[in-house]
Each structure stands twice: as C-alpha cells, then as structure tokens.
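The chain contents come next:
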Amino acid sequence: MKSLSTLILSLLIFSVAYTQNYTQTIKGVVVDKQSGSELPGANVIITSVEPIIGVATDANGRFILEDINVGRHAIKISLIGYETSTLSNLELNSAKQLNLRVELEETVTNLETVTITAKDDKREALNKMSTVSARTLSIEEAGRYSGALADPSRMAQNFAGVSGASDDRNDIIVRGNSPTGVLWRLEGIDIPSPNHFSTLGNTGGPISMLNINNLDNSDFMTSAFAAEYGNALSGVFDLQMKNGNADKREYMAQIGFNGFELGAEGPFKKGERASYLVNYRYSTLGVFSKLGIDLGTGAAVPEYQDLTFKINAPIGKKTRLFLFGIGGNSGINFLAEESTTDNLYLRNAEDTEFTSETGIIGTSLSHFFNKNTSAKLILAATSSRTKGLAESVDSNFVKQFVTRSFNRQQDKLSAHLKFNKKLSSKDNFTFGLMYDKYLFDMIDSVLILGNYTTTTDNNDNADLSQGYLQWQHKFSNQFTINAGIHSQYFLYNNNFAIEPRLGLRYSLNNKHTINIGYGLHSQLQPITLYFVDFDQTNDILPNINLEFTKAHHFVIGHDFFLTQNIRLKTEVYYQQLFNVPIDTSESNYSLLNEGVDFALPERTGLTNEGKGRNYGVEITLEKFFSQGYYFLATTSLFESKYTASDNIERNTVYNGNFVYNVLAGKEFIINEKNSLSFDTRITYSGGRRYTPVNIPLSDFVGFQVLDQEQGFTEQYPAYFRWDFKLTWKLNYKKVAQQLALDILNVTNKQNVFTKEYNTETKQFDTTFQRGFFPVILYKVYF
C-alpha cells in the first residue's frame, strides 16, 4: 500500500505540473432508430466547447470532428422531422478516438418549428420494442461502479429487482426467480453461460468471460420482454460487441483481478471500412494468492484464459458482414489436505478436479433493401464442455474411491433470420425465425449408498425452433404500443408454446411517463435434466416428457423526471409461474430453488404440476452522471413463493424479501488532462433461505440430515457490504493511462455463506463469504 500511495502522489505532482494540451477525434454515424438506416444531413454540434463546433453528416450518415480537446464533452444531434438527441459527459482521452452510433427517433408529426428533445438517460432500452423493466447496460458504468469488477452480471446486481446469490459467483436473481431463468444473447444469438468455471444448464459462474473492453452498450431486461426473446423466465442480457476503429490502429494493455489483457483494433487496410477488434486475457489470480489475498478457494488457485474478437467487413453501401467469437477455458484442482474453512467451493473430504471450456463463433450478414426495409441473418456454433472428478480421501488424505465423475458436452448450431420494415413514422414491424440444434454427449456417475451408479449416459441431439412477430404503433409522440407474439417448439418431445406480449407507454408530459407491460414466457428445463436415468435399462428416459415451465408477467411503472438529470422510477409487478417440475411423490422439492450451485439436480420422477408466484415493488432514484457526479439508490421489496407436491406454499430459497443499494461517485478534474474519481457502493439485502437440520436424526446416522418438513423456513442473517473505489486517469501524448484501487467489503463484514452441522463436534460449522478484498487495476491505451 505504501508503494501504491507513493506512485499516486508522484503521478499527481507530475500531472498537475505537466499541462500540455492534447486533442483527439470524435466520429460516428447517425441512424433512424426504427429502421437502422443511415441519416444524411443531420447536424452534430459539440456544445461543451467555445466557440461551438459542428458538422453535418455525409451521404452515409457519418460525421467526424477532429482536434477536440481531451476531457468530457456534450454533443447535440438534430434533424428536421426527428427528435433531437443530446449525449452528455462523453469521455475523450488522448490515445483512443471516440466512435459513436446515434439513433434518432422520427416524430409522428413532422413539425419544422417544434423541437422535441430526447433526454440523455438510460430509461429506454436499445431494443425499440421494449416497454417496461428494461434499461441500457452502459459499458462506461460497468467500468465505473465500485465492486462490479468490470463484470456485466455484477453491474446488473445494482439495479432494482436484482440481487446476487453470493460473493463466489456472479449469478443474478431477478425478482425472486432462479438464475437459470436468465437468457444470454450475443449479437442476436442465444449463447450458453459466458462464464469461466460454468456448468451445463447454469447461467452464472465465478468469473465472467465477457470483456467490457470489447462490448458496446447493451440491454438488460427483468420482466415482460419483447416478443423476440424466448426460452427465458426471469431476465435477458442482450449483448452487443463494438466494432473496431476503421480509421486508426489502437492498442490496450491491462492487468488486474480479471487477468492480464492485451487488445488491438483497427482497419485491415487504411482507407477501407473493414476493421478488426481482438482481446486476449490470462488469469492473474495466482499473483493475488501469493500476495496473501483470500480468493475464497483455499489453497487452490483458479486458472483461466479467453479470447474475444469481432471483424466488421462492409460489402458495398447496403450490406455488411460480421464475424465474431468468444472462447475460453478454465480449471482448478482442490486437495482435501489443503482445504481451509474459508473455501467457498469445497466442503467435503474430497480431492476434486474441475475443467470447463466454452466456445462461441458466429457470422452475421445484414442488408438494406431500401431505407425502410432490412434483413439480417446470423449463423453461429457454440460449445460448452465441463469435466469433473471427485475422489474420497481418508484421514491421512489417501485416495479411497471415486465419489463423482462427469463429462458433459453440449454443442449447438444456431440460425436467426430477422426482417424489419418501417411503414411510416407511426408503424414498424419486426419478424424473425430462430432454430437451434443441440448436440449432446453426457456421461455422469455418482456414488449412491455405496454403489457407483451411472446417472446419465446419452449421446443424442434435439431441436428448438422459435418464431416471433412484433409491431410498434405510435398514436402520437406521447403514446406508443408494442405488441407481439412469440412461439417455440421443442421437437425432442413435441412441446409447443404460444406467448402473447404487450407493452404500452404514455407520456403525460415531459416529466411523467406511465408504462404497462404483459407477457407470457416459457422455458426449456435445464438440458441435463431431460437425460437423467438411474436405471440405464429404460427404453424411455424418465424426464423426457417434461414440458416448458411458464410464467405470466404483469408490470406497471411510472417514470418521474424531477430535473433533467434526476429521475424517480417506480415499478409494481406480479408473476404467476406454472408447469414447474416437482416430485410426483409428496415432498417440498421444486426446480424453482435450483440454479446457484455448480451442479444442477440429478432427479427423476418429476412432473409439471408445481407453481410459484413473485410480486413486489421497486423504487429507483437516479442521477445520471452530470456536473462531475452521479448517484443511484434502489429499493426492492418482494415475495417469492412456491408450491410443491405437498401442497404447502413456502418461501423459495431466493425470497430475501428486500434489497437496498446505494451507489455514488464524484469525478474531480485536476486539470484538462487528468482526473481523480471516487466511487462507492453499499448493499444491504435479506439473507438466503435454507432448510433447518434435523439434529437428532443427524446424530443418529452420523451425517447432516435436513428437516424437509420445515423446508426454507429459516433465513441467514442479512447481507451487508460496502465497497469503495479510487480511480486515477492520466492523458499524455498518444497514451492514456488508468490506475484504480477497488476495495470490496471495506468493513470486512462476515456474511454467512453456509452453515453445516458437524455430527462429531455437535456444532454448526459456518463458512463466511469473501472478506476485505482489495483489487488493483492498471490499464493503458496507446
């Protein structure tokens, strides 16, 4: 810490003394929000400089502003017949050009004498058909928020209605739903969990493979999604990758908690529009471990690496070809001999090996038939593979026998064809077809009551087809309706669903907007569940006829802009879940309680007769970054209930009842080239539900036995964490640097992770979540 403070002091003295002016380029493209077509003749003005600088977009909707002083800037974009858009607090550094994509919305009535201004906020998603419970996932925010670790999932945990499962993983719980209900979409294709150390069927993991250095602003939705999203119950991440700079080669290097990174972007050939973007990352957790920082893995050190890329190749003026991909692998070995009480991942007398591999590669071709009609075809292949082996050891740590092994691979071939037609300033239609072909190769074995049993042995394939139709109609500039229908068909067991969607938005005035949304949503069961079979002689798999789990989503919301940059948002929701897999025999088991561990259940004898309900109210008070500071305060009050085959309504494991978040940050401009930022975050949320232990029976049999009649009646103490981040940004000629210290759990609060009954000591052994955890980040652009 002493050397770090010395470095910061030296940088401060140097940056204040060295005040040479540096300039950079701002460029971009202006497009119609509904059709995506480029808009020539739009006025682009930088309002943050004196005198004001401005240009008009060319025939291709592009603009370029050169020799702009580094720092924060505001830009106003206007065009007759369109709402004026204002982009505020855009950060321009000395080593990287700022490339913008600006979407303008056509007004219903073309009035040349009246200017309608769109506020610079995150209240609307990038997807034009999203009405409620959706917002833009800003990449700048992902890099700014304390405790987010540059992870989109952890950033989303700050939003109303969202909470994290634990410090060890980035699973997100949306309005009391299981994390397995979240859909990940990248560049228009549904993808497997984009996380290191993930397992088949789960959506989270300890470390994200997504790299914010390669992502563009994206959408995050928590209810009543637009009709183009299917096979999801609780939330949607619709991620976009940014394009590489087509005019100039730029480079980036970074070292921090997420790894050592190298990135490059630029044109393949100067003067042409084709560009590339590539980033490689390798784990640095071994360094953190040697520094004595608790990773929550005991003596074991996780290792991982990943590669991300995107190629943009325009073909003429109307057609564009993209190639994109993400690939990564990860592994860790736990030895019982080295196990400690602070290990969040291993709690048994076992030696465990675990590896995972994930690959995503795709191509998309978009074409404009005219300025109002376009089509896009995306083809992709994804692969997810996990291997694990657990071996029991005796008191001398000598291996005795295998207790669990699995080798699971899921490959998927995907296609998505999407048409968009803008009929007028009032009406826009979108139509799409999606097809996924799953290829499975799964072998699971486990020790059950002394017998080593094969639970899954399947090499097969299955198909899921989806289709959707969406219509947006503007009755006026104040009143918009988004209506649609989604369908999906699982060919493996002939399960079919039709899902209506509806959203209404009405602006009472410039300050007040009412939003209403409804959707019926369906989701496949975790793929591994269909193929579990403890008796390998069966001709028919026991779970193969499980139907989709379904949910009705009802949402009503109110947006109130107190000032231009401060809003108060309130949403009330109700979700009715049905067709939930539960036991055919009487029990408290429901699939709604799965999803936050590394393994999904291996269970047969299930039927789609379970149900659940989630309801609550969410309040967000937010000041968007302006005048050098921002704040975000969210309150989520909710109930999450389920009913299993015992016909008793119980709390789900995720029914924490409340989540409070407070985030704030302040940027101090030292001079025109350098800044110092302070960001902080406080989270206080209800503890996780759990089933109490039947102590007499546990003492009798010699191992922990839960009292299933009291399922999820107990609750861990409330979770509290305070994070604090200090960021220093420095600009030099053609080089920009960033140094950050992010301290997680400043107070070293001991939040309970698990409690397990020890039959030998007759006491409960408590494992706590991650304590005081400092993270240092250094990034340089050149």
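Above this text is the structure in question.
Treat the numbers as computed from the prediction; the structure is a model and nothing was measured. (Residues numbered from 1 in each chain as written. Predicted model: local features only at pLDDT ≥ 70, side-chain atom pairs only at ≥ 80, totals over all residues. Heavy atoms only, no water.)

Chemist: So what exactly am I meant to see when it comes to the overall build of the chain here?
Modeler: Across its full length, the chain carries 6 helices and 44 strands. Relative to the compact-globule value of 28 Å for 782 residues, the chain shows a C-alpha radius of gyration of 26 Å, a close match. Counting only C-alpha atoms and orienting by the principal axes, one finds that the chain spans roughly 85 × 60 × 50 Å. Looking at the chain as a whole, 57% of its 782 residues are labelled buried. Sequence-distant contacts, at least 24 apart, represent 65% of the contacts inside the chain between residues at least 6 apart. Positive and negative side-chain charges of the chain, numbering 72 and 82 respectively, have mean locations separated by a distance of 9 Å. (Helix = DSSP H or I, 4+ residues; strand = E, 2+ residues; numbered from the N terminus. Rg over C-alpha atoms; globule rule 2.2 N^0.38 Å. Buried < 20%, exposed > 50% of the residue type's maximum accessible area, 1.4 Å probe, protein only. Contact = heavy atoms within 4.5 Å. Lys, Arg positive; Asp, Glu negative; His and termini not counted. Charge placed at Lys NZ, Arg CZ, Asp CG, Glu CD.)

Chemist: Is there a simple way to think about the nonpolar core in this case?
Modeler: For soluble globular proteins, the rule of thumb is that nonpolar side chains tend to be buried together. Within the largest apolar cluster, 33 residues are counted, with the highest numbers of intra-cluster contacts made by Tyr145, Phe159, Leu186, Phe220 and Phe237. Every residue in contact with Phe237, bar those within four places of it in the chain, is listed here: Leu137, Pro152, Ser153, Ala156, Ile172, Val182, Leu183, Trp184, Arg185, Asp219 and Phe220. (Core = buried A, V, L, I, M, F, W, Y, C linked by side-chain atoms within 4.5 Å.)

Chemist: Teacher, can you tell me more about unusual backbone geometry here?
Modeler: The phi angle of most residues is negative, glycine excepted, and most peptide bonds adopt the trans form. At the junction of Glu50 and Pro51, the peptide bond is cis and its omega measures out at -5° in the coordinates. Relative to the elements of secondary structure, Pro51 occurs in the loop between β2 (43-46) and β3 (53-56). The phi torsion at Leu149 lies on the positive side, around 55°, for a residue other than glycine. Summarising the element assignment, Leu149 is placed in the loop between α2 (139-144) and α3 (152-156). Judged by its relative accessible area of 11%, Leu149 falls in the buried class. Positive phi values are uncommon outside glycine, yet Asn494 reaches one of about 60°. Here Asn494 is to be found in the loop between β28 (479-490) and β29 (495-507).

Chemist: Please clarify how the sheet that holds strand β1 (residues 23-32) should be interpreted in this entry.
Modeler: Note: strands within a sheet are paired through backbone hydrogen bonds, in either parallel or antiparallel orientation. If you trace the 3 strands from one edge of the open sheet to the other, you get β4-β1-β7, paired in mixed fashion. Two strands bound the open sheet, and with one partner strand each, they are β4 (62-69) and β7 (98-104). Neighbouring strand axes in the sheet, compared pairwise and without regard to direction, differ in orientation by 25° on average. Looking at chain direction, β1 and β7 are connected through 7 bridges and run parallel. (Pairing = 2+ DSSP bridges. Axes fitted to C-alpha atoms, helices over the stretch in contact; angles between N-to-C directions.)

Chemist: Help me out: how do you make sense of the packing of aromatic side chains in this one?
Modeler: Between two aromatic rings, the relevant description is the distance of the centres plus the angle of the planes. Summed over the entire model, instances satisfying the criterion amount to 29 aromatic pairs. Taking 5.4 Å as the distance between ring centres and 50° as the angle between the ring planes, the aromatic pair formed by Phe490 and Tyr530 counts as tilted. Of this pair, Phe490 sits in strand β28 while Tyr530 sits in helix α5 (residues 527-530), and the two are 40 residues apart along the sequence. For Phe490, a relative accessible area of 2% gives the class buried. On the accessibility criterion, Tyr530 (1% relative accessible area) is buried. An aromatic cluster of three or more residues is present, and its members are Tyr438, Phe440, Phe490, Tyr492, Tyr530 and Phe531. Across the ring face of Phe668, the terminal group of Lys666 is positioned such that the distance to the ring centre comes to 5.5 Å. The ring of Phe764 is capped by Lys755, whose NZ or CZ atom sits 5.5 Å from the centre of that ring. (Phe/Tyr/Trp six-rings, centres within 6.5 Å; stacked < 30°, edge-to-face > 60°. Lys NZ or Arg CZ within 6 Å of the ring centre and 35° of its normal.)

Chemist: How do you make sense of the pattern of salt bridges when you look at a structure like this?
Modeler: Pairing is possible between side chains that carry opposite charge, provided their charged atoms lie close to one another. In this structure the tally under the stated criterion is 41 salt bridges. Between Glu667 and Arg72 there is a salt bridge; the shortest N-O distance is 2.7 Å. Taken as a pair, Glu667 in strand β36 (residues 658-669) and Arg72 in strand β5 (residues 71-78) lie far apart in primary sequence, 595 residues in all. On the basis of relative accessible area, Arg72 is assigned to the partly exposed category, the value being 21%. Residues Arg408 and Asp444 are paired through a salt bridge, measuring 2.5 Å at the closest nitrogen-oxygen approach. With Arg408 in strand β25 (residues 399-422) and Asp444 in strand β26 (residues 427-448), this residue pair connects regions lying 36 residues apart in the sequence. Here the salt bridges do not stand alone but share partners, grouping Arg72, Glu91, Glu140, Arg144, Glu667 and Lys729 into one network. (Salt bridge = Lys/Arg side-chain N within 4 Å of Asp/Glu carboxyl O.)

Chemist: Which parts of the structure should I look at to understand the environment of Ala253?
Modeler: Locating Ala253 in the fold gives a position in strand β18 (residues 250-256). On the basis of relative accessible area, Ala253 is assigned to the buried category, the value being 15%. Excluding its chain neighbours within four sequence positions, the residues that come into contact with Ala253 are Glu261, Leu262, Tyr778, Lys779, Val780 and Phe782.

Chemist: I tried to follow the sheet that holds strand β13 (residues 189-190) on my own but got confused; where do I start?
Modeler: Spatially, 5 strands are ordered β9-β16-β17-β12-β13 in an open sheet, and the strand pairing comes out mixed. A single partner strand is all that each edge strand has here, and the edge strands are β9 (134-137) and β13. Both strand β16 (residues 215-221) and strand β17 (residues 235-241) contribute to a ladder of 5 bridges, which runs antiparallel. Looking across to β17, one finds that Met221 is bridged to Val236.

Chemist: How should I be thinking about the side chain of Thr319 in this particular structure?
Modeler: Position of Thr319 relative to the elements: it lies in strand β22 (residues 319-334). Here the side chain of Thr319 touches His367 through a polar contact of 2.6 Å, side chain to side chain. Discounting chain neighbours no more than four positions away, the residues touching Thr319 are Pro314, Leu365, Ser366 and His367. (Polar contact = N/O pair within 3.5 Å; in protein donor to acceptor, adjacent residues only side chain to side chain.)

Chemist: What is the right way to read the pairing of strand β37 (residues 674-685) from this model?
Modeler: Both faces of the sheet carry side chains from a regular strand, because those side chains alternate between them. Of the strand pairs in this sheet, β36 and β37 are connected by 11 bridges, and their pairing is antiparallel. By the bridge assignment for β37, Val662 is matched with Ile682. Between β36 and the antiparallel strand that follows it, β37, lie 4 residues. Taken together, the 12 bridges between β37 and strand β40 (residues 719-732) define a ladder with antiparallel strand orientation. Each residue of the ladder has a partner; that of Asn674, found in β40, is Leu730.

Chemist: Got a minute to help me understand the environment of Ser645 in this structure?
Modeler: Checked against the element boundaries, Ser645 lands in the loop between β34 (629-643) and β35 (649-651). Along the chain, Ser645 and Ser585 lie 60 residues apart, while their C-alpha atoms are 6.8 Å from each other. When near neighbours in sequence (up to four residues on either side) are disregarded, Ser645 contacts Ile582, Asp583, Ser585, Glu586 and Ser587. A polar contact of 2.9 Å, which involves the side chain of Ser645, links it to the backbone nitrogen of Ser587.

Chemist: I tried to follow the pairing of β22 on my own but got confused; where do I start?
Modeler: Here strand β21 (residues 303-315) pairs with β22 via 13 bridges, running antiparallel. Pairing of Asp306 across the sheet is with Gly328, part of β22. Connecting β21 to the next strand, β22, in antiparallel fashion are 3 residues, including Gly316 with a positive phi near 75°. Relative to strand β23 (residues 350-370), β22 runs antiparallel, the two sharing 16 bridges. Each residue of the ladder has a partner; that of Ile326, found in β23, is Ile360.

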